[in-house]
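Analysis of the macromolecular model
Chain by chain, the residues run as shown.
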Amino acid sequence: MKRLGYAVRRAIVMTLNRYHLKKKLYPLALGLLLCAGVLHAQDAHYSQFYNAPALINPALTGIYRGDVRFMANYRSQWHSVPVDYTTFTAFADMKFIGRTDRTGFFSGGLAFNYDHAGDSKLALANLNASLSYTKTFSPTTFGTLGFYVGGNQRAFKLGDLRFDNQFDTGSGSFNPGFATGESFDETSIFFLDFGAGINIRLQSEQTETLVDLLDKRNKLDFGVGVFHLNRPDQSFYDNDKIELPVRISPYAFGTLMLGRNVDLVANFSAQFQQKYREMVAMAGVKFHFNDRQLGRQFALQVGAGYRFHDFGDAFYPGIELAWNAWNVGFTYDINVSDFSIATRRRGGPEFSVRYIINKIRPLPSHLNCPLI
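A brief report on the enclosed structure follows. Values in this document were obtained by computation on a predicted structure and should not be read as measured data.

1. Describing the overall build of the chain
When helices and strands are tallied, the chain shows 3 helices and 16 strands. Relative to its 372 residues, the chain shows a buried fraction of 47%. Counting contacts in the chain only where the partners sit at least 6 residues apart, residues at least 24 apart contribute 61% of the total. Of the roughly 17,300 Å² that the chain leaves accessible, carbon and sulfur atoms contribute 62%.

Pasting the structure below:
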């Protein structure tokens, strides 16, 4: 029990640092410690970060082979303990390519994110609009600048919370009739958010612009996204400003053909937000089946990743299935941090789905997408 108590206390302290609770929120968090519920204000994140481009860099808007892309992500973490949280993301983007866009093209996207956690039901819902411009330097080199603007709603509920002032020290029991000792000016706030980023794409030169035979697959994307440039106020107190720290997100996504039907896939992402640090890396092998039979193209990817802060956090195996325009991914976090004493190593499942539309254009009225 002593070891469990230490692990839980350490996990919650780390959570406090990670979620940037400050000043008047610390007494509330300490009260929530007694019922294992913690308020937090972390940006949404995924183990399948490479399948959630809107959370990595607005300059990844439009960086794919095709014309219109729809994506969704779902994550349920730490469901076995009271501080579980659920995250959902839906993202759609499209290219605006005309017959005169021979040196570059614009792309636009919309992303909706929702995250809630704990007994407080602390929730963050935001809707972001992104715009990017991709410059074609050569058939194998592209540079993209992107930015986003978003509206955010953050709220929590008091109904299921217990505070330290509500515990009767005489009887050693919880008394809901006692005053909480806490007073909030707001339980729901709205704020605007801005960010920008840059991406560089290096790829094999396409051999066919009309039909995707999957014969050229080498590519590398790298860049950095910067979020919360305006450092919006996220405090629930009118006279106590708490700024959302700037988040810097460098990354690299790569695919290397090992043979006609086999690829090596490797992805890396880092998150730097004030004192919080997170790095995630994954590697896998992708097998292509029926790669030249249009309408029956199928691929299977298996791999694993590791997420770490200043210490190990989680290991996760994963699998992805691609069928023509569809791609479905599944990973499961196996918790390896000190918090695994409470979670029994059950971090939680994560799902992703992607669908890409390729338009058929009569030549030479419009250009086709130059990306693979």
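There's more to say after this.
2. Focus on unusual backbone geometry
At His228, a position not held by glycine, the phi torsion is positive, near 60°. Within the fold, His228 resides in the loop between β9 (219–227) and β10 (247–259). Overall, the relative accessible area of 5% leaves His228 in the buried class. In the Ramachandran plot, Arg231 falls in the positive-phi region, its phi being about 45° despite a non-glycine side chain. Tracing the backbone shows Arg231 in the loop between β9 and β10.

3. What to know about the nonpolar core
Core analysis: the largest hydrophobic core is formed by 10 residues, namely Phe49, Tyr50, Ile56, Leu60, Tyr251, Phe253, Val265, Val280, Met282 and Tyr316. The set of elements that each furnish at least two residues to this core consists of β10 and β12 (276–289). Core analysis: the second largest hydrophobic core is formed by 9 residues, Phe156, Phe184, Tyr237 and Leu244 among them.

4. Let's talk about the environment of Asp263
Checked against the element boundaries, Asp263 lands in strand β11 (residues 262–273). Look at Asp263 and you get buried, because its relative accessible area is 2%. Residues Asp263 and Asn218 lie 45 residues apart in sequence; the distance between their C-alpha atoms is 8.5 Å. Excluding anything up to four places from it in sequence, Asp263 contacts Arg217, Thr255, Leu256, Met257, Leu258, Gly284, Val285, Lys286 and His288. Within the structure, the side chain of Asp263 is placed 2.8 Å from the side chain of His288, a separation counted as a polar contact.

5. Things to note about the side chain of Thr331
Tracing the backbone through its elements, the reader meets Thr331 in strand β15 (residues 326–335). For Thr331, a relative accessible area of 2% corresponds to the buried category. Looking at Thr331, its side chain comes within polar contact range of the side chain of Gln48, at 3.3 Å. Residue contacts for Thr331: discarding those within four places in its chain leaves Ser47, Gln48, Tyr50, Tyr316, Pro317, Gly318, Gly348, Pro349 and Glu350.

6. Observations concerning the packing of aromatic side chains
Tallied over the entire structure, the rule returns 11 aromatic pairs. Ring plane angle 40° and centroid distance 6.0 Å describe the contact between Phe49 and Phe253, whose orientation is recorded as tilted. Here Phe49, found in the loop between α2 (25–33) and β1 (68–77), pairs with Phe253, found in strand β10; they are 204 residues apart in sequence, far enough to count as distant. Each member of the pair, Phe49 together with Phe253, is buried. Plain terms: the ring middles of Trp326 and Tyr355 are 4.6 Å apart, the flat faces sit at 45° to each other, and that makes the pair tilted. Residue Trp326 is found in strand β15, and its partner Tyr355 is found in strand β16 (residues 346–357); the two are separated by 29 residues along the sequence.

7. Points about empty space enclosed by the protein
Counted by the stated rule, this structure contains 8 cavities of 30 Å³ or more. The space that makes up the largest cavity amounts to roughly 170 Å³. In terms of lining residues, the largest cavity is bounded by 18 residues, among which Asp43, Leu55, Asn126, His228 and Arg247 are the most central. Residue assignment for the lining of the largest cavity shows that the elements contributing at least two residues are β3 (104–117), β4 (122–138), β5 (141–155) and β8 (188–203).

8. Some points on the pairing of β11
Two elements, β10 and β11, share 10 bridges in a ladder whose sense is antiparallel. Looking at the pairing, Arg247 lines up with Gln273 of β11. Counting the residues that bridge the hairpin from β10 to β11 gives 2 residues. As paired elements, β11 and β12 share 12 bridges and run antiparallel to each other. Bridged to Ala270 within β12 is Met279. Where β11 folds back on β12, the antiparallel hairpin that results is connected by 2 residues, among which Gln274 adopts a positive phi of roughly 55°.

Rules and cut-offs
Residues numbered from 1 in each chain as written. Predicted model: local features only at pLDDT ≥ 70, side-chain atom pairs only at ≥ 80, totals over all residues. Heavy atoms only, no water. Helix = DSSP H or I, 4+ residues; strand = E, 2+ residues; numbered from the N terminus. Buried < 20%, exposed > 50% of the residue type's maximum accessible area, 1.4 Å probe, protein only. Contact = heavy atoms within 4.5 Å. Areas by Shrake-Rupley, 256 points an atom, 1.4 Å probe, with all protein chains shown as cover. Core = buried A, V, L, I, M, F, W, Y, C linked by side-chain atoms within 4.5 Å. Polar contact = N/O pair within 3.5 Å; in protein donor to acceptor, adjacent residues only side chain to side chain. Phe/Tyr/Trp six-rings, centres within 6.5 Å; stacked < 30°, edge-to-face > 60°. 1 Å grid on protein atoms, 1.4 Å probe; cavity = no way out; pocket = protein on both sides within 12 Å on 5 of 7 lines; lining within 4 Å. Points joined across faces, edges and corners; volume = space filled by probe spheres on them. Pairing = 2+ DSSP bridges.

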